[in-house]
2 protein chains.
Amino acid sequence: MSLIQVIPLGGAGEIGKNCTAIVHGDDMIVVDVGLSFPNEEMFGVDIVIPDFTFLVENRAKLRGIFLTHAHEDHVGALPYLLQMVNCPVYATEFTHAMIRNKLDEKLGTKGLDLRTMAPGDIVEVGSLSVEPIRITHSIPENCAMAIRTPHGIVLMTGDFKFDFTPVDGKLTNINRLAEIGKEGVLCLLSDSTNVERPGWGPSERAVRDGLYKAFISSPGRVLITSFASNIHRMQQAFDVAHETGRKVAVAGRRMETTVELCSRLGYMQIPRNTQILLKDVGAHDLDKVVILTTGSQGEPMSALVQMSKEEYSRLRILPGDTLIYSARPIPGNEAAIWRTINRLFRMGANVVYESVDPVHVSGHAYREELKMMINLTRPYYLAPVHGEPRHQHLYLEMAREMGYPENRIFMLQDGLPLCMDDTTAWIAEPVPSGRVLVDNSGTAGISDEILRDRSNLANDGIVVVTIALDMERGEIVGDPVIQAKGFSGSSDLLDEASGALLEALAKLTESDIKDIDAVRHTASDVLRRQIQRRAQLRPLVVPTVIEI
Amino acid sequence: MSLIQVIPLGGAGEIGKNCTAIVHGDDMIVVDVGLSFPNEEMFGVDIVIPDFTFLVENRAKLRGIFLTHAHEDHVGALPYLLQMVNCPVYATEFTHAMIRNKLDEKLGTKGLDLRTMAPGDIVEVGSLSVEPIRITHSIPENCAMAIRTPHGIVLMTGDFKFDFTPVDGKLTNINRLAEIGKEGVLCLLSDSTNVERPGWGPSERAVRDGLYKAFISSPGRVLITSFASNIHRMQQAFDVAHETGRKVAVAGRRMETTVELCSRLGYMQIPRNTQILLKDVGAHDLDKVVILTTGSQGEPMSALVQMSKEEYSRLRILPGDTLIYSARPIPGNEAAIWRTINRLFRMGANVVYESVDPVHVSGHAYREELKMMINLTRPYYLAPVHGEPRHQHLYLEMAREMGYPENRIFMLQDGLPLCMDDTTAWIAEPVPSGRVLVDNSGTAGISDEILRDRSNLANDGIVVVTIALDMERGEIVGDPVIQAKGFSGSSDLLDEASGALLEALAKLTESDIKDIDAVRHTASDVLRRQIQRRAQLRPLVVPTVIEI
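Residues numbered from 1 in each chain as written. Chains lettered and ligands numbered in written order. Predicted model: local features only at pLDDT ≥ 70, side-chain atom pairs only at ≥ 80, totals over all residues.

For the rest of this paragraph, the subject is the overall build of chain A. Each helix and strand in chain A was counted, giving 16 helices and 24 strands. Taken over the C-alpha atoms alone, chain A extends approximately 85 × 75 × 50 Å along its principal axes. The 548 residues of chain A split such that 53% are buried. (Helix = DSSP H or I, 4+ residues; strand = E, 2+ residues; numbered from the N terminus. Buried ≥ 20, exposed ≤ 12 C-beta atoms within 10 Å, placed from the backbone.)

So, in structure tokens, the structure goes:
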């Protein structure tokens, strides 16, 4: 019997690397191909992408990739997937514009099949069809996806909020959502990340007041940091600057590229005579300047973090400057962000942030908005995604309060297919899934073993011991050489360990010595034990035996 | 002319390692000797303590150490300081009881001069006198310190909140604070950490409602995690458990020790027949059990974190269990804590935390309470401590709103003395100060170089190359041996690098080879460049040259 499968490969039980496959018979589509950022235990990892094994194994079925919007956690892994599969990529004009550079950079001139879709279009792909629906979020041209299947509609909200005064005036197509609800939604996959927040979230436009207050009351320059993709935030900064007689410069490569691209394509309207070059900031009075800058997540190489360390040659922080922190820390970045903010305070700057003034709002639906979405679309099955287990759990509690019985709500998890036929729904056996760690060289697939070694190296350092063996004579030649890096033990400790090693080696017989592995073993054993006994330290001990 | 110096050695411009010296002529006292926890860049560091150089250099003047309360950020570095100086240590009975074990452990039988003080006492120390004043906080017997000097009173609030319904009924001695205000406070050093929170904070007793709701509504066992030192939180857990017919067991060494100590000394009153042993939990119905557990900061070895990984042999999490997260993450620990909570959700447990239900309150004064303290004590000079620069900055803004002129408010910083004489106050030249990093072996003083190496090792791993030299002949013997740890490059890459190295070594003359340093240099240079060029990786390259 035919069934429809919804297979999250990322984003179910986590925030980040959103990627979902929808399979019906011989047809498969993928919605979003996002990345996530490493946690503090993933040493030397730059980004994390989904394990694409399932998609690669089923590439013959793959009819298209659909992108809801241009945030990295929805599109960032696309260049990696497109190295393994080839199929049309559907997205709005804006989303395509935002990702094209990176695709070109990673994939070179390889023929990409990018296809533009717009809200209202219906894209037929085999036995499935996909209808993007306009919905508000913190980036332009964001879409929910209504996927029609022979069993009913799978509606993916993507990231959303109900913003009735969006900065670009482009409202959510609520009527269409209601129509689709009436038509009959089999399953709603909903954003759940803000389920902990009661009520209804403020409009993006609410930020204007916070910006305005800072722009008119700050005695010096105003710096604003935000996500570079938050076009509407930057638009508002330009607008308020224009109103208050300030000029705007942009600092930070990513922010510069985005402003250039968006104003060229008409996604931003920069008021006349408002933008200036960063190098010309000095020609204006301090209280007539605004600087948009990268660094809202405390990224070490970002313009803002470098300014806070007096390492940014293009701009120096001055006493009297005000930074507007117009963002929220991604969990794990808090400490780095506060360090940056504190350094700015120490330099005599003022910093305005969310708990002090309304200079940031979330792009995601609060609790009552999530309920509104359920009410509008009246899905039969309900499955929260784009949330950690805690968010999914609270969302399901909310669904129960709204009357959903247990057999109609699902706590999805990456790799576990949600299967639906005409009568029932169930979670099937896992498909290959997981995380793939990518480092800044672009190499994908840093192993757990490497991570374990790095963790060990980070915490305790390394001790390298080298022994030369004369294999013919079965003799150790010269003294072992011991070197340490990142190791907090004293040189006395190493000398002592070296002494113990010499003693142990002296006890080896000629035939022992001819067994290189045994010598290596003895060396690392003796050193490890000696160092631990004397100083409770546990460095990685690496013995090298060289034959001569 | 005589003057009074207030010298923060920790806790000014940071949250943690509180330690302040007060100097008048030949007399010095120290208030608090705290530790702080490492940030994510301090690999392999267990705790951070103040640099005590200034105290050691001036130990002849040191008349006494005064402890405001028993939290680690106020007492945790005492064992380290007492290895370098010897003087009386004044604290309340409770504080002494809480720290005695650790002092005995670190300092052995060395004669400690612990002296008990109680609120209302006046301790004369040379030309200074110290009066502890009872003030509420999240631990029993917390004291503010009124230090009388020939120039007036320096009043240190220590950590505080104004709790009018404290769990132990012991109210802040507000009358005494008012009297001292009338007598004339020269300078107030105030807690500032919650200045961002408007209004007046809730009483510790407010947590009772959150606990009660969870205890009566949870279908299974209730686990509670909190700081082990939060005696009043645990007292309330016992009380509510008794009321709702649940038995209480304790899991986690630190929590067990504290409950045992506090109930023995009368700081906790455990209701009759309420406490049970962890091993006996199974004998009770699931909905009749409460478990107090360590792990509120996501510490890897804590009971809670081990439970969440199914690695805690004494207790298994069951579906239907409820965890009350009765704490707030210390910045930097958020990610680890949410991982733990999410694992519990995945195991079928429910988790209740501050943003869902009122199961935690802060121990620190909110904005209006901070103003009340200023109003009560009417200090001439004002200097916020126990805060990061952002908190100090907002506190000073608040002081300005209250009418304080610039010359009477100070943004203190560790190591910078605040000097006051009869007419004025100023910040003097720095004294030695800073942070000392201690690892879990107890060794103090992990250097920046070691941290840099560890960071490099953590992110890129290490490549070790070993070359054997015959010095007499000026020849390289055998092939170089290359080993890598925590390195994400392929073995092909290493083979290639090895080939390049052989080529480079072949070009060395006999006399080049006799210069060991040059060989070492060549080896690390060639490998580093080759690896970077081919794979954009930057491992630490450690060459070892062994002479035979």
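Bringing the interface of chain B and chain A into the picture now. Taken residue by residue, the interface counts 54 residues in chain B and 54 residues in chain A. The residue inventory of the side of chain B that touches chain A, partitioned by class, reads 24 nonpolar, 18 polar and 12 charged. (Contact = placed C-beta atoms within 7 Å. Nonpolar A, V, L, I, M, F, W, Y, C, P; charged D, E, K, R; others polar.)

All names here are of chain A. With 13 residues, helix 8 (residues 253-265) extends 18 Å from end C-alpha to end C-alpha; this agrees with the ideal 18 Å at 1.5 Å per step. Those residues of helix 8 not exposed but buried are Met255, Thr258, Val259 and Cys262. What you see down the axis of helix 8 is that its buried residues fit within an arc of 100°, all on one side. On its buried face, helix 8 sits against helix 7 (231-243), strand 14 (247-251) and strand 15 (289-293). Following helix 8 by one or two positions, Gly266 adopts a phi angle in the positive range, close to 90°. (Expected span 1.5 Å × (residues − 1). Arc of directions from axis to C-beta.)

Bringing the relation of the copies chain B and chain A into the picture now. Mapping chain B onto chain A calls for a rotation angle of 180° and an axial translation of 0.0 Å; the resulting RMSD is 0.1 Å. Both chain copies can therefore be described as sitting about a two-fold axis. Among all residues of chain B, the one whose C-alpha sits closest to the rotation axis is Ala458(B), at a distance of 2.4 Å. The overlap is high: 100% of the interface residues of chain B also sit at the interface in chain A, so the same surface is used on both sides. (Least-squares fit on C-alpha atoms with pLDDT ≥ 70 in both.)

Right, let's talk about the pairing of strand 1 (residues 4-10) of chain A for a bit. All names here are of chain A. Buried residues dominate strand 1, accounting for 6 of its 7 residues. Sheet analysis places strand 1 next to strand 19 (residues 418-420), joined by 3 bridges and oriented antiparallel. Opposite Gln5, over in strand 19, you have Cys419 as the bridge partner. As paired elements, strand 1 and strand 2 (residues 19-24) share 6 bridges and run antiparallel to each other. Following the sheet pairing, Ile4 is matched in strand 2 by His24. (Pairing = 2+ DSSP bridges.)

Residues and elements named next belong to chain B. Between helix 14 (residues 491-506) and helix 16 (residues 516-535), the least distance of the axes is 9 Å, while the angle of their chain directions is 140°. Judged on the interaxial angle alone, helix 16 and helix 14 are oblique. Note that helix 14 runs across helix 16; the crossing there is right-handed. From helix 14, Leu493, Glu496, Ala497, Ala500, Leu501, Ala504 and Leu505 reach across to helix 16, where they touch Thr522, Ala523, Val526, Leu527, Gln530, Ile531, Arg534 and Ala535. Class assignment of the residues belonging to the contact of helix 14 with helix 16 gives a composition of 11 nonpolar, 2 polar and 2 charged. (Axes fitted to C-alpha atoms, helices over the stretch in contact; angles between N-to-C directions. Parallel < 35°, antiparallel > 145°, perpendicular 65-115°, else oblique. Left-handed = near helix turned anticlockwise from the far one by under 90°.)

Attention now goes to unusual backbone geometry. The backbone of His386(A) sits at a positive phi, close to 45°, despite the residue not being glycine. One can find His386(A) in the loop between strand 18 (381-385) and helix 12 (389-401). Positive phi values are uncommon outside glycine, yet Asp32(B) reaches one of about 70°. Mapped onto the fold, Asp32(B) is located in the loop between strand 3 (27-31) and strand 4 (47-50).

It is worth spelling out the sheet that holds strand 12 (residues 185-191) of chain B at this point. Residue and element names in this part refer to chain B. With mixed pairing, the 6 strands of this open sheet are ordered in space as 8-9-10-11-12-18. One side of each edge strand has no neighbouring strand; the edge strands of this open sheet are strand 8 (123-125) and strand 18 (381-385). Neighbour to neighbour, the strand axes of the sheet diverge by 20° on average, direction disregarded.

The next point concerns the domain arrangement of chain A. It is common to report an interface's size as the accessible area lost on association of the parts. Residues and elements named next belong to chain A. Partitioning chain A into domains gives domain 1 (4-199 + 362-438), domain 2 (204-353) and domain 3 (448-547). A straight line from the C-alpha centre of domain 1 to that of domain 3 covers 52 Å. At the junction of the two partners, domain 1 supplies 4 residues and domain 3 supplies 4 residues. Per-class residue counts for the side of domain 1 that touches domain 3 are 2 nonpolar, 1 polar and 1 charged. (Domains from an automatic or database assignment.)

With that settled, the discussion passes to the sheet that holds strand 14 of chain A. Residues and elements named next belong to chain A. Taking strand neighbours across the sheet as the criterion, the 5 strands line up as 14-15-13-16-17 in an open arrangement whose pairing is parallel. Each of the sheet's edge strands pairs with one partner strand only, and the pair in question is strand 14 and strand 17 (350-353). Between one strand and the next, the sheet's axes are offset by a mean angle of 20°, whatever the strand orientation. In this structure, strand 14 lies alongside strand 15, joined through 5 bridges in parallel fashion. Residue Lys247 lies in a different strand from strand 15, and its bridge partner there is Val289.

The next subject is the pairing of strand 10 (residues 143-149) of chain B. All names here are of chain B. Within strand 10, 6 of the 7 residues are buried, which leaves it mostly tucked inside the rest of the structure. One ladder, built from 6 bridges, connects strand 9 (residues 128-134) with strand 10; its direction is antiparallel. For Arg134, the partnering residue across the bridge sits in strand 10 and is Cys143. Summarising the sheet, strand 10 and strand 11 (residues 152-156) pair through 5 bridges and their orientation is antiparallel. By the bridge assignment for strand 11, Ala146 is matched with Leu155. Counting the residues in the hairpin turn of strand 10 and strand 11 gives 2 residues.

Time to look at the environment of Gln413(B). All names here are of chain B. Locating Gln413 in the fold gives a position in the loop between helix 12 (389-401) and strand 19 (418-420). On a C-alpha basis, the gap between Gln413 and His284 in space is 54 Å, while along the polypeptide they are 129 residues apart. Residues within four places of Gln413 in sequence aside, it is in contact with Ala12 and Gly13.

What follows covers the packing of helix 6 (residues 207-217) of chain B against helix 7 (residues 231-243) of chain B. Geometrically, a packed helix pair is captured by the angle between its two axes and the distance between the axes. Residue and element names in this part refer to chain B. Interhelical geometry of helix 6 versus helix 7 gives an angle of 40° and a closest axis separation of 10 Å. Viewed along their axes, helix 6 and helix 7 adopt a mutual orientation that is oblique. The interaxial crossing formed by helix 6 with helix 7 has right-handed handedness. For the pair formed by helix 6 and helix 7, the contact residues are Val207, Arg208, Leu211, Tyr212 and Phe215 on the first element and Arg233, Gln236, Ala237, Val240 and Ala241 on the second. Residues belonging to the contact of helix 6 with helix 7 are distributed by class as follows: 7 nonpolar, 1 polar and 2 charged.

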